[in-house]
Amino acid sequence: MIIERADYMKKIIAAAAFFALAAACVPAFMPAVIESSAPVCRITSPSVRTFSETVNGTGEFSYETERDVTCALPVVVSRLYVGEGDLVSPGDVIAAVDKKASAAFIESLGRMNMLSFAAADLQAATALIPEKISADCSGRVISTCGSNSAVQSGAPVVTVAQGSELGIVAAISELDIAKVKIGQEVMFTPSAFPNELFLGKVSAISSAARSRYNGAVLETVVDVRITPNSPDKRFKSGLSTDVSIVLSEPREIVVLPYSAIEQDETGEYVYVYENGQALRRNITTGKEFSDGAEITCGVTVKEEVFADPKAVAGKKFVRVEGE
């Protein structure tokens, strides 16, 4: 009987020792459990870039004064007597006309076209077709329609530049034109040379606005003339180009990806990784770019920010990718 009681006491002591040991291990074990279940989140750092405020537009190269030599009737040009770079004066014959082919061309355009030239029928319209076309201005030929070309009424047979300065005429939105001043620096990239950047200056601003279609949208623009800093033989009248008019001196700015920025009724915010925790930080954004937004207040370039705020929102414990 005494032996049985001793065994019983031993069992109680062993059980007590077990629970005491288990209790001692819980504090060390629990953080490991919590850590293993915490979400793994990626962090990013703000980038620094050099930025200048600009006004952007599109345009094309042209001489300061250009004149088109045209014909009132639709014609087929059988031969051109001038080419690009030739000088012409008023009265110079620049093209010969194929009257028979021109008559067929006019007939193909229909009766309404003949009536617009006070011609009752094809025979009357044919009688008005000239044998040659002469220049009505002086200057240098910069483009031609080409021999054996059918040219519509009023379309250029040749285009003559009446000045030697080749520049750019760019269309700037009416919303931005107040920021543009004569003398401002311009960066431009012609479509023909997409990997090259050229410099110029604003040399003139049109005194009147005009309307144009940008896709299906009708917009109001003002033409701005830009003079390249250095002439380039590759520049040709009619080439299109993108332009950026520089409004301010370059400055360094801090930029964060859009994915790291969230917004609610109180404003924009991010989660900053600080002392092992994810802390919400309200921010103010500035300029917007294709890959992110400028951070004007709230985060410095030396801080680390969670790349996905939704992944850490409301989480007491998080783990950082790579740690």
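For every chain, the first residue of its written sequence is number 1, and the numbers climb from 1 along that sequence. This being a predicted model, a pLDDT of at least 70 is required before a residue's local features are given, and a value of 80 or more before pairs of side-chain atoms are given or counted; all residues contribute to the totals for chains, interfaces and linings. Side-chain metrics in this entry use all non-hydrogen atoms of the structure; hydrogen atoms and water are not considered.

### Description of unusual backbone geometry
Our working rule: Strands are runs of DSSP state E lasting at least 2 residues, helices are runs of H or I lasting at least 4, and numbering of each runs from the N terminus. A 1.4 Å probe rolled over the protein chains alone gives each residue an accessible area, and that area as a share of the maximum for its type sets the label: buried under 20%, exposed over 50%, partly exposed in between.
For Asn-148, which is not a glycine, the phi torsion comes out positive at approximately 60 degrees. Among the secondary structure elements, Asn-148 is positioned in the loop between strand S10 (139-144) and strand S11 (149-151). The exposed category is assigned to Asn-148, whose relative accessible area is 62%.

### Notes on the pattern of salt bridges
Oppositely charged side chains can form a pair if their charged atoms are brought close together. Quick note on the threshold: By convention in these notes, a salt bridge is any Lys or Arg side-chain nitrogen within 4 Å of a carboxyl oxygen on Asp or Glu.
Counted under the stated rule, the structure contains twelve salt bridges. A salt bridge links Arg-212 to Glu-219, with the shortest nitrogen-to-oxygen separation between them at 2.7 Å. The partner of Arg-234 in a salt bridge is Asp-232, with the nearest N and O atoms 3.1 Å apart. A relative accessible area of 24% means that Asp-232 is categorised as partly exposed.

### Things to note about the sheet that holds strand S12 (residues 156-161)
Our working rule: Two strands are counted as paired when DSSP detects at least two bridges linking them.
Strand order in the open sheet formed by four strands is S5-S12-S10-S7, with antiparallel pairing between adjacent strands. Here the strands that pair on one side only, and so sit at the sheet edges, are strand S5 (66-70) and strand S7 (87-88). By the bridge criterion, five bridges tie S5 to S12 in an arrangement that is antiparallel. Following the sheet pairing, Arg-67 is matched in S12 by Val-160.

### Observations concerning the confidence of the model for the chain
Low-pLDDT stretches of the model should not have their predicted coordinates read in fine detail. We count it as follows: One confidence number per residue, pLDDT, is output by the predictor and ranges from 0 to 100. Should any heavy atoms of two residues lie within 4.5 Å, those residues are considered in contact.
On average, the chain scores 84 in pLDDT, and the residues at 70 or more come to 82%. Taken together, the stretch residues 25-30 has pLDDT below 50 and engages in one contact with residues farther than four places along the chain or on a different chain.

### As for the nonpolar core
Going by this rule: Side-chain atoms within 4.5 Å link the members of a nonpolar core, which is a set of buried Ala, Val, Leu, Ile, Met, Phe, Trp, Tyr and Cys residues.
Val-75, Ile-94, Ile-133, Val-157 and Val-158 are the most contacted members of the largest nonpolar core, which totals 23 residues. Not counting residues up to four positions away in its chain, the partners in contact with Val-157 are Val-69, Thr-70, Val-77, Leu-80, Ile-94, Ala-95, Ile-133, Thr-144, Cys-145 and Val-151. Within the second largest apolar cluster, 22 residues are counted, among which are Tyr-63, Ile-168, Phe-193 and Phe-198.

### Some thoughts on the sheet that holds strand S9 (residues 132-134)
Stated precisely, the cut-off is as follows: The convention used is that axes are lines fitted to C-alpha atoms, helices contributing only their stretch in contact, and that angles between N-to-C directions extend from 0 to 180 degrees.
Taken in spatial order, the four strands of this open sheet run S9-S8-S6-S11, and their pairing is antiparallel. Each edge of the open sheet carries a strand with a single partner, namely S9 and S11. Strand-to-strand, the axes of this sheet are offset by a mean angle of 40 degrees, without reference to chain direction. Where strand S6 (residues 75-80) and S11 come together, three bridges link them in antiparallel fashion. Among the inter-strand pairings, Val-76 is bridged to a residue of S11, identified as Ala-150.

### Some points on the environment of Gln-152
Structurally, Gln-152 is set in the loop between S11 and S12. Expressed as a C-alpha distance, the spacing of Gln-152 and Ile-106, which sit 46 residues apart in the sequence, is 9.2 Å. Contacts of Gln-152, omitting those with residues within four sequence positions, involve Pro-74, Phe-105 and Leu-109.

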